[in-house]
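Close look at the chain arrangement
Residues per chain, in single letters:
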Amino acid sequence: QVQLVESGGGLVQPGGSLRLSCVASGRIVITNSMGWYRQAPGKPRDLVATITRNGITNYVDAVKGRFTVSRDNAKNTVYLQMSSLELEDTADYYCYADIMAGGTSQRNYWGQGTQVTVSS
């Protein structure tokens, strides 16, 4: 059994910063790519950023230069540092991890989501 638990969401003013964390736990053999998606009310879940096990990152254009994804392989943790937040960044943020766990096939696991609200 694998679980992903996110933390760090909250209310922030435009221009502010937040740091999201996501810890994967369980019978993990290896964690491959990790990353973040977000879903605004009434919209589909969209990719925000990904990071490979070797640290190669990819961002959606809307967050380039403002968000930074990083990870700690020893802790099976992925982070999302968000700066210069805009109203349009308001959404539920979900982490994912591509994990090979003991006794199961490699697949994506998802966190429960953490809410980020940007408002003045």
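Everything numeric in this text was worked out from a predicted model, so none of it was measured.

Quick notes on the sheet that holds strand β8 (residues 77-82)
Pairing between the strands of a sheet comes from backbone hydrogen bonds, and it takes one of two forms, parallel or antiparallel. Strand order in this open sheet of four strands is β1-β3-β8-β7, and the pairing throughout is antiparallel. Because the sheet does not close on itself, it has two edges, and the strands there are β1 (2-7) and β7 (67-72). The sheet shows a mean angle of 15 degrees between the axes of neighbouring strands, direction not considered. Both β7 and β8 contribute to a ladder of six bridges, which runs antiparallel. When the sheet's bridge partners are listed, Arg 71 is paired in β8 with Val 78.

Description of the layout of surface pockets
Computed from the structure, the largest pocket encloses a volume of approximately 200 Å³. Residue lining of the largest pocket: Arg 38, Gln 39, Ala 40, Lys 43, Pro 44, Asp 46, Leu 47, Val 60, Ala 62, Glu 88, Thr 90 and Ala 91, and that is the complete set. Here the residues of the lining of the largest pocket are counted per class, giving six nonpolar, two polar and four charged.

Overview of the packing of aromatic side chains
Per the counting criterion, the structure on display carries three aromatic pairs. Seen from their ring centres, Tyr 96 and Trp 110 are 5.8 Å apart, and the 40 degrees between their planes marks the pair as tilted. Separated by 14 residues along the polypeptide, Tyr 96 in strand β9 (residues 91-101) and Trp 110 in strand β10 (residues 107-110) bring together distant segments of the chain. Residue Tyr 96 is classed as buried on the basis of its relative accessible area of 6%. A relative accessible area of 37% means that Trp 110 is categorised as partly exposed. Among the aromatic residues, those joined into a ring-pair cluster are Tyr 37, Tyr 96 and Trp 110. Over the ring of Tyr 94 we find Arg 45; its NZ or CZ atom is 3.6 Å from the centre of that ring. Over the ring of Tyr 109 we find Arg 107; its NZ or CZ atom is 3.9 Å from the centre of that ring.

How each quantity is defined
- Residues numbered from 1 in each chain as written.
- Predicted model: local features only at pLDDT ≥ 70, side-chain atom pairs only at ≥ 80, totals over all residues.
- Heavy atoms only, no water.
- Pairing = 2+ DSSP bridges.
- Helix = DSSP H or I, 4+ residues; strand = E, 2+ residues; numbered from the N terminus.
- Axes fitted to C-alpha atoms, helices over the stretch in contact; angles between N-to-C directions.
- 1 Å grid on protein atoms, 1.4 Å probe; cavity = no way out; pocket = protein on both sides within 12 Å on 5 of 7 lines; lining within 4 Å.
- Points joined across faces, edges and corners; volume = space filled by probe spheres on them.
- Nonpolar A, V, L, I, M, F, W, Y, C, P; charged D, E, K, R; others polar.
- Phe/Tyr/Trp six-rings, centres within 6.5 Å; stacked < 30°, edge-to-face > 60°.
- Buried < 20%, exposed > 50% of the residue type's maximum accessible area, 1.4 Å probe, protein only.
- Lys NZ or Arg CZ within 6 Å of the ring centre and 35° of its normal.

Function cannot be inferred from these measures alone, as they are strictly geometric.
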